[in-house]
Amino acid sequence: MQDFLELSLSATASGCIYGLVALAYLLMIRPTGIINFAVGEWAMLGAFGGFFFLTRFEFPYLLGMAAVVALMLLVGWGTERLAVRPLVEKGAPLLAPILALLGMLVIFREVISVSFPPDPHPVPYAFEIQHQKYFIIAVTALVFAGAWLFFEKTLWGKSFEAVALNRRAAALMGINLSRVTAAAFAGGAGAAGLAGLLVSPNVSAHYLMGVPLAIQGFTALVIGGVGRVEGALLGGLLLAFAEQLTTRYAPIPSGYAQGVPLLFLMIFLLIRPTGLLRARGA
Amino acid sequence: MRLAAWIGVFAALAALPFFLGSYHNDVYRKMLLWITLALGYNFLFGICGQVAFSHFAFYGIGAYSVVILLFQVNLPLPIAIVLGIVICVLLALAVAIPATRLEGFYLALVTLALAQLFIVVLNEGGAVTGGTGGIANYRLPPILGWRIAGPAYTVVIVALLAATLAVLWRLDRSWFGRACRAVRDNPEAAAAMGVDVARTKVIVFTLTSALAGVAGMVYAFVDNTVNPPIFGLDNAFLILFMVIVGGAGRHAGAAIGAILLFLLPFWLAPLVGHHHQLVFGALVLAAILVQPKGLVGLWDRFSR
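Just so you know, these numbers come straight off a predicted model, no measurement behind them.

1. Points about the overall build of chain A
Line of reasoning, step 1. Looking only at helices and strands, chain A has eleven helices and zero strands in total.
Line of reasoning, step 2. The linear arrangement of helices and strands in chain A, starting from the amino end, is α-α-α-α-α-α-α-α-α-α-α.
Line of reasoning, step 3. Whereas a compact globule of 282 residues would reach a radius of gyration of roughly 19 Å, chain A reaches 18 Å, a difference of no more than 12%.
Line of reasoning, step 4. Each principal axis of the C-alpha distribution contributes one length, and for chain A these read about 55 × 45 × 35 Å.
Line of reasoning, step 5. Within chain A, the fraction of its 282 residues that count as buried is 54%.
Line of reasoning, step 6. Pairs at least 24 residues apart make up 76% of the contacts formed inside chain A by residues separated by at least 6 positions.
Line of reasoning, step 7. For chain A, the accessible surface area stands at approximately 11900 Å², while carbon and sulfur atoms represent 68% of it.
Line of reasoning, step 8. Charge-centre separation for chain A: the mean point of 17 positive side chains lies 14 Å from the mean point of 13 negative side chains.

This is the structure we're talking about:
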């Protein structure tokens, strides 16, 4: 029982990380339709931001965290400016920005691999080791509560939804599409960077940490469905529990737990391609 | 006449290795393999418009299956090759059928997860895959009593390239190739014209994955070793980048992109060391932003 409680706690904490990455995808995919594979690399940048501010310059934790988020908002905004907006303005097909973002993914990863030595870089815990999981859960809960309030209660959130439902009509209603897109990318980078910062004390910042997080994040998104913010968190939690139960009880090498996301992707695409939660009014 | 010209080109390509030293022969045949891979991926991505990250994983699956079937299961070569192709086809179908049911980029998502899992399976596979060290020290069994090695094996690779190009060329000029282009340009219109969009995607993905698998089988006897680092995710992106930089949707574009991005690291090494990936990323971004038709498109503009 004790064992199961511990497993639940650590699964909930990893589920929160996946949920944050899924939220990052969702923030961008809802208004623009663009799936940004660089999300994992953004999480990696967040982890290195943590190393930079917290380990090297020994900022107090909350100040360092704020600095990382601010940095990521800037990265997201800059990425949109450089790799997305010129293509959208040219009227290029949707695939073009997605491919441009893949180019950005490689650029992010290589810039980090050039600037830091290849060994893992330690990032401190927020308080103590044993409290990190609670901290992850608390921060994620706050972020999701904020995202939910944003979409449900604010005019800005409504304009995001309007763009998601019908870009043309939204533009005709006077919603500034490029501002919504820029905000979506900044917010996505913020969420992804936060996920990277929160997970980095356990795994250390490493330039190859992005891809597994990117895969787990979009699996969470497919499980939960792209329609609703809560879906991202629900999908993340389900995936994390499945992974932890597999490593704990299935008689296979623990590395194979990385096959769980693929299995979930196939099952959900086959039997419930819209995800568990349906979009409101759709 | 055209056919004669092509035969001449491939005869020259096949004759070349006999005049190269062993180092240049090695570089040359790896370049030919990359061209083969890029041509296959171009049919999926450039002509049919589907993004997948598993092309290089299928190259690895082909290489590993033929080695395992030959030397761990001790099957004869022809049966190992056929079974290897069957494995690639079944895996491709298992991935593509769920992933193409929806509009959107689910094939890219699922194949990225597959490529990642493939590396895990290689590393954790114990005695079957040889774990992190892979499998080495095997030799191509004699074919009709003849051991093919050195420059003669490069001729096999030229034949592979010619066969791959011939298959893709014929398909591209057929009804099926036009259906693929329609699926890429406007799936709704394609469906209205009676093209089964999902089925077209599944067939193209399975076919190109099987071609990658066959190329992998040929690769298995180039270095006579297969190990996990060779088949990493970097190369999955690299194939996509080759096609984008060269010019998606054109066989010539895929070939030019493959040659350029394969040779670039050799020239860049004195400048940037092992960080040529950074240059690749910048090249891709530049290509998409200013020259979406790639180098072939640039050539068209200046030759007119």
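2. Considering the nonpolar core
Line of reasoning, step 1. In this structure, A:F37, A:W42, B:F53 and B:F231 are the most contacted members of the largest nonpolar core, which totals 204 residues.
Line of reasoning, step 2. Ranked by residues supplied to this core, first place goes to helix α2 (residues 22-47) of chain B with 15 residues.
Line of reasoning, step 3. Counting only domains with at least three residues in this core, you end up with domain 1 (2-231) and domain 2 (232-304) of chain B.

3. Brief notes about unusual backbone geometry
Leave glycine aside and you will find that most residues have negative phi; peptide bonds, for their part, are mostly trans.
Line of reasoning, step 1. The phi torsion at A:S204 lies on the positive side, around 70°, for a residue other than glycine.
Line of reasoning, step 2. One can find A:S204 in the loop between α8 (177-203) and α9 (210-224).
Line of reasoning, step 3. We note that B:N224 has phi near 50°; this positive angle belongs to a residue other than glycine.

4. A short note on the side chain of A:T79
Line of reasoning, step 1. Looking at the secondary structure, you find A:T79 in helix α3 (residues 61-90).
Line of reasoning, step 2. What A:T79 contacts, discounting residues up to four positions off in sequence, is A:W42, A:V84, A:L101, A:M104 and A:F108.

5. Thoughts on the domain arrangement of chain B
All names here are of chain B.
Line of reasoning, step 1. The domain architecture assigned to chain B consists of domain 1 (2-231) and domain 2 (232-304).
Line of reasoning, step 2. Each partner contributes to the roughly 2200 Å² buried at the junction of domain 1 and domain 2, and carbon and sulfur atoms together form 79% of this total.
Line of reasoning, step 3. Taken as a group, W34, N42 and F53 account for 26% of the area that domain 1 buries against domain 2, more than any other trio of residues on that side.
Line of reasoning, step 4. Counting across the interface, domain 1 meets domain 2 through five residue pairs in polar contact (both at pLDDT 80 or more).

6. Section: the packing of aromatic side chains
Line of reasoning, step 1. For the coordinates displayed, the defined rule picks out 33 aromatic pairs over all chains.
Line of reasoning, step 2. Judged by centre distance (5.6 Å) and plane angle (80°), the ring pair of A:F52 and A:F53 falls under edge-to-face.
Line of reasoning, step 3. You can call A:F53 buried: its relative accessible area is 16%.
Line of reasoning, step 4. For the ring pair B:Y219 and B:F231, a centre distance of 6.3 Å and an interplane angle of 90° mean the geometry is edge-to-face.

7. Some details on the interface of chain B and chain A
Line of reasoning, step 1. The partner chain A presents 41 residues to the 39 residues of chain B that form the contact.
Line of reasoning, step 2. Counting across the interface, chain B meets chain A through one salt bridge.
Line of reasoning, step 3. As a salt-bridge pair, A:R109 and B:D234 come within 2.8 Å of each other at their nearest N and O atoms.
Line of reasoning, step 4. For the pair chain B and chain A, the number of links is three residue pairs in polar contact (both at pLDDT 80 or more).
Line of reasoning, step 5. For the side of chain B that touches chain A, the secondary structure elements donating two or more residues are α4 (77-99), α5 (106-124), α10 (233-246) and α12 (276-290) of chain B.
Line of reasoning, step 6. Among the elements that take part in the side of chain B that touches chain A, α5(B) stands out by supplying twelve residues, more than any other.
Line of reasoning, step 7. Classifying every residue of the side of chain B that touches chain A gives 30 nonpolar, six polar and three charged.

8. Topic: the pattern of salt bridges
Residues and elements named next belong to chain B.
Line of reasoning, step 1. Applying the stated rule across the entire model yields 13 salt bridges over all chains.
Line of reasoning, step 2. Between R199 and D196 there is a salt bridge, and its shortest N-O distance comes to 3.8 Å.
Line of reasoning, step 3. Several salt bridges share partner residues, and in doing so they unite D26, R29, K30 and D223 into one network.

9. Here's the deal with the packing of helix α7 (residues 175-185) of chain B against helix α9 (residues 197-219) of chain B
All names here are of chain B.
Line of reasoning, step 1. Where α7 meets α9, the closest approach of the two axes is 10 Å, and the angle between their N-to-C directions is 115°. By the criterion of interaxial angle, the relationship of α7 to α9 is roughly perpendicular. The two elements α7 and α9 meet at a crossing, and its hand is left-handed. On α9, the residues touching F176, C180 and V183 of α7 are V197, T200, K201, I203 and V204.
Line of reasoning, step 2. Of the residues that constitute the contact of α7 with α9, the class distribution is six nonpolar, one polar and one charged.

10. Concerning helix α1 (residues 2-32) of chain A
Residue and element names in this part refer to chain A.
Line of reasoning, step 1. With 31 residues, α1 should reach 45 Å at 1.5 Å per residue; the first-to-last C-alpha distance of 45 Å fits that figure.
Line of reasoning, step 2. Along α1, 24 of the 31 residues are buried, which leaves the element largely enclosed by surrounding structure.
Line of reasoning, step 3. At the exit of α1 stands G33, carrying a positive phi of roughly 80°.

11. Focus on a nonpolar patch on the surface
Residue and element names in this part refer to chain A.
Line of reasoning, step 1. Where nonpolar side chains cluster on the molecular surface, the patch consists of M1, F4, L5, L245 and Y249 and spans about 550 Å² of accessible area.
Line of reasoning, step 2. For the nonpolar patch, the secondary-structure elements that each account for two or more residues are α1 and α10 (229-249).
Line of reasoning, step 3. Tracing the backbone shows F4 in helix α1.
Line of reasoning, step 4. Classification of F4 as partly exposed rests on a relative accessible area of 38%.

12. A short note on helix α11 (residues 260-271) of chain A
Because each turn of an α-helix spans 3.6 residues, side chains separated by three or four positions end up pointing in the same direction.
Line of reasoning, step 1. For α11(A), spanning twelve residues, the distance from its first C-alpha to its last is 16 Å, which sits close to the expected 16 Å at 1.5 Å a residue.
Line of reasoning, step 2. For α11(A), the full list of buried residues reads A:V260, A:P261, A:L262, A:F264, A:L265, A:M266, A:F268 and A:L269.
Line of reasoning, step 3. On its buried side, α11(A) packs onto α9 and α10 of chain A together with α4 and α5 of chain B.

13. Let's talk about the side chain of A:R109
Line of reasoning, step 1. Positionally, A:R109 belongs in helix α4 (residues 95-115).
Line of reasoning, step 2. With a relative accessible area of 3%, A:R109 lands in the buried category.
Line of reasoning, step 3. When neighbours within four sequence positions are excluded, A:R109 is seen to be in contact with A:E41, A:M44, A:Y207, A:L208, B:D234, B:F237 and B:Q277.

What counts, and where the lines are drawn
- Within every chain, residues take consecutive numbers counted from 1 along the sequence as written.
- The lettering of chains begins at A and the numbering of ligands begins at 1, in the order of writing.
- Predicted model: local features are reported for residues with pLDDT of at least 70 only, side-chain atom pairs are reported and counted for 80 or more only, and whole-chain, interface and lining totals are derived from all residues.
- To obtain the side-chain values, all non-hydrogen atoms of the structure were included, while hydrogens and water were left out.
- Only DSSP runs of H or I with at least four residues qualify as helices, and only runs of E with at least two residues qualify as strands; both kinds are numbered from the N terminus onward.
- In this description the radius of gyration comes from C-alpha coordinates, and the expected globular size is given by 2.2 Å times residues to the power 0.38.
- In this scheme, a residue with accessible area under 20% of its type's maximum is buried, one over 50% is exposed, and one in between is partly exposed, where area comes from a 1.4 Å probe on protein chains only.
- Note on definitions: a residue-residue contact is assigned when non-hydrogen atoms from the two residues lie within 4.5 Å.
- We get accessible surface area from the Shrake-Rupley algorithm with a probe of 1.4 Å; when it comes to residues, only the shown protein chains can shield them.
- Lys and Arg are tallied as positive, Asp and Glu as negative. Neither His nor the chain termini are counted.
- Think of each charge as sitting on NZ of Lys, CZ of Arg, CG of Asp or CD of Glu.
- Take the buried residues of types Ala, Val, Leu, Ile, Met, Phe, Trp, Tyr and Cys, join any two whose side-chain atoms come within 4.5 Å, and each joined set is a nonpolar core.
- In this entry, domain limits derive from an automatic or database-based domain assignment.
- Buried area adds together the accessible area that both of two parts lose upon being put together, with accessible area traced by a 1.4 Å probe.
- Under this definition, polar contacts are N or O atom pairs within 3.5 Å; protein pairs additionally need one hydrogen-donor-capable and one acceptor-capable atom, and for neighbouring residues in sequence, both atoms have to be side-chain atoms.
- Two rings from Phe, Tyr or Trp (for Trp, the six-membered ring) form a pair when their centres sit within 6.5 Å of each other. Planes less than 30 degrees apart are called stacked, planes more than 60 degrees apart edge-to-face, and all others tilted.
- What makes a salt bridge here is a side-chain nitrogen of Lys or Arg within 4 Å of a carboxyl oxygen of Asp or Glu, nothing more.
- Each residue is assigned to one of three groups, with Ala, Val, Leu, Ile, Met, Phe, Trp, Tyr, Cys and Pro labelled nonpolar, Asp, Glu, Lys and Arg labelled charged, and all others, Gly among them, labelled polar.
- Convention adopted: a line fitted to C-alpha atoms gives each axis, helices being fitted over their contacting stretch, and angles between N-to-C directions are expressed from 0 to 180 degrees.
- Each angle receives one of four descriptions, namely roughly parallel if under 35 degrees, roughly antiparallel if over 145, roughly perpendicular if within 65 to 115, and oblique otherwise.
- In this scheme the handedness of a crossing depends on how the near helix is turned from the far one: anticlockwise by less than a right angle means left-handed, clockwise means right-handed.
- To estimate the expected span of a helix, count its residues, drop one, and scale the result by 1.5 Å.
- In this scheme, patches are assembled from residues that exceed 30% relative accessible area and form no salt bridge. Like charges are connected within 9 Å, while nonpolar side chains (Val, Leu, Ile, Met, Phe, Trp, Tyr) are connected within 5 Å.

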